[in-house]
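# Structural overview
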Amino acid sequence: MPDALWNVKAILSGISGILVPMSSTSSGRSRLTRKGAETRARIVDAAAQLIYEQGVAHTTIEEVRDGAHVSSSQLYHYFDDKPALVRAVIERQADMAIGTQERFDLSSLDGLREWRDFVVDHTRDTGGRGGCPVGSLGSELAECEPEARAMVAAAFKRWEASIMAGLLRMHALGRLTPEADPRQLALALLAALEGGLLLAQIQRDPEPLAAALDAMLMLIATLSSTPSTSLDR
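Reading the values: the criteria
- Residues numbered from 1 in each chain as written.
- Predicted model: local features only at pLDDT ≥ 70, side-chain atom pairs only at ≥ 80, totals over all residues.
- Heavy atoms only, no water.
- Phe/Tyr/Trp six-rings, centres within 6.5 Å; stacked < 30°, edge-to-face > 60°.
- Helix = DSSP H or I, 4+ residues; strand = E, 2+ residues; numbered from the N terminus.
- Buried < 20%, exposed > 50% of the residue type's maximum accessible area, 1.4 Å probe, protein only.
- Lys NZ or Arg CZ within 6 Å of the ring centre and 35° of its normal.
- Core = buried A, V, L, I, M, F, W, Y, C linked by side-chain atoms within 4.5 Å.
- Contact = heavy atoms within 4.5 Å.
- 1 Å grid on protein atoms, 1.4 Å probe; cavity = no way out; pocket = protein on both sides within 12 Å on 5 of 7 lines; lining within 4 Å.
- Points joined across faces, edges and corners; volume = space filled by probe spheres on them.
- Nonpolar A, V, L, I, M, F, W, Y, C, P; charged D, E, K, R; others polar.
- Salt bridge = Lys/Arg side-chain N within 4 Å of Asp/Glu carboxyl O.

What follows deals with the packing of aromatic side chains. Tallied over the full model, the rule gives two aromatic pairs. Residues Phe104 and Phe118 carry aromatic rings whose centres are separated by 5.4 Å and whose planes lie at 45 degrees to one another, so their mutual orientation is tilted. A residue pair is termed long-range when its members are at least 10 positions apart, and Phe104 in the loop between helix H5 (82-101) and helix H6 (109-126) and Phe118 in helix H6 qualify at 14 residues. Given the relative accessible area of 31%, Phe118 is considered partly exposed. On the numbers, 6.0 Å between centres and 5 degrees between planes, the contact of Phe156 with Trp159 is stacked. A residue pair is termed a helical-turn pair when its members lie 3 or 4 positions apart in one helix, as Phe156 and Trp159 do in helix H8 (residues 146-172) at three residues. Judged on exposure class, the residue Phe156 and its partner Trp159 are both buried. Note that Arg103 overlies the ring of Phe118, its terminal NZ or CZ placed 5.2 Å from the centroid.

Next comes the structure, spelled out in structure tokens:
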């Protein structure tokens, strides 16, 4: 493996070491039976959908219980209270958002464009409703739930690191000019994504999201040492 790619692995290893674990419940999952794990996941899925549609404050434990088709005793077996359930939702939403992104190769201009198109098309299909499943939680909880805010912040650090992994590889492979800073580009790309999703949610129009991502991809294209026509509209 070329030295540059070893450096990428070393940088990412250092980043992962400083990230806050997403949930204190994660270590307990291995102790659940398969049926128990399925029941817990069903509760979290129901809570995530309700919170995405109507927010944390307007989602009740009773609604989650009914949506997951479980009893109150089952729900409280897995979650001590609503904040514990919300923390599980944050973890679930972050895992899904990052997992979806990682289906795309962000170490190439073509892969970045494919990811951009997927995000914009999805926002168009949903009419912008719900916004970002992670960002919407952060804006609602940041000033009132310190532990939840810290978890959302950690989720965004994970997301940033995932984007950075692609751009660091792009840089290591010589697809970005030496002066390009993959770390700053990753943070700016994530900020463009979140700001674009917020405006798309408020305006019910994907155009702000498309404009923000296109501006970032145009910048990355100007820093590319392997020009491509894939960014041409």
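Quick look at the nonpolar core now. Counting 63 residues, the largest nonpolar core has Ile43, Val134, Trp159, Leu193 and Ile220 as its most contacted members. Considering every element that reaches this core, the biggest residue donor is H8, with eleven residues. Setting aside residues up to four positions removed in sequence, Leu193 forms contacts with Trp115, Val119, Trp159, Leu209 and Leu213.

Here we come to the layout of surface pockets. There is about 590 Å³ of room inside the largest pocket. Residue lining of the largest pocket: 24 residues in total, with Tyr52, Ala97, Thr100, His122 and Pro133 positioned closest to the centre. Mapped onto the lining of the largest pocket, the elements with two or more residues apiece are helix H2 (34-54), H5, H6 and helix H9 (182-203). Class assignment of the residues belonging to the lining of the largest pocket gives a composition of twelve nonpolar, nine polar and three charged. Looking at the second largest pocket, it is lined by 26 residues, and the ones nearest its centre are Gly130, Gly135, Ser136, Ser139 and Gln201. Looking at the lining of the second largest pocket, the elements with two or more residues in it are H2, H5, helix H7 (135-141) and H9. For the lining of the second largest pocket, the leading source of residues is H7, giving six residues. Taken together, the residues of the lining of the second largest pocket sort by class into ten nonpolar, eleven polar and five charged.

Here Glu160 shows up in helix H8. Excluding anything up to four places from it in sequence, Glu160 contacts Arg183, Ala186, Leu187 and Leu190.

This brings us to the pattern of salt bridges. A full pass over the atoms with the stated rule returns nine salt bridges. Arg113 is the partner of Asp214 in a salt bridge, and the nearest nitrogen-oxygen pair spans 3.0 Å. Separated by 101 residues along the polypeptide, Asp214 in helix H10 (residues 207-222) and Arg113 in helix H6 bring together distant segments of the chain. Here Asp214 and Arg113 have matching classes, each one buried. Where Glu160 meets Lys157, a salt bridge forms, and the shortest distance between an N and an O atom there is 3.9 Å. In this pair, Glu160 and Lys157 are both assigned in helix H8, three residues apart and thus about one turn of the helix distant. Residue Lys157 is classed as partly exposed on the basis of its relative accessible area of 47%. By sharing partners, the salt bridges in this structure join Arg113, Arg116, Asp117 and Asp214 into a single network.

The values reported here are purely geometric and, on their own, carry no functional implication.
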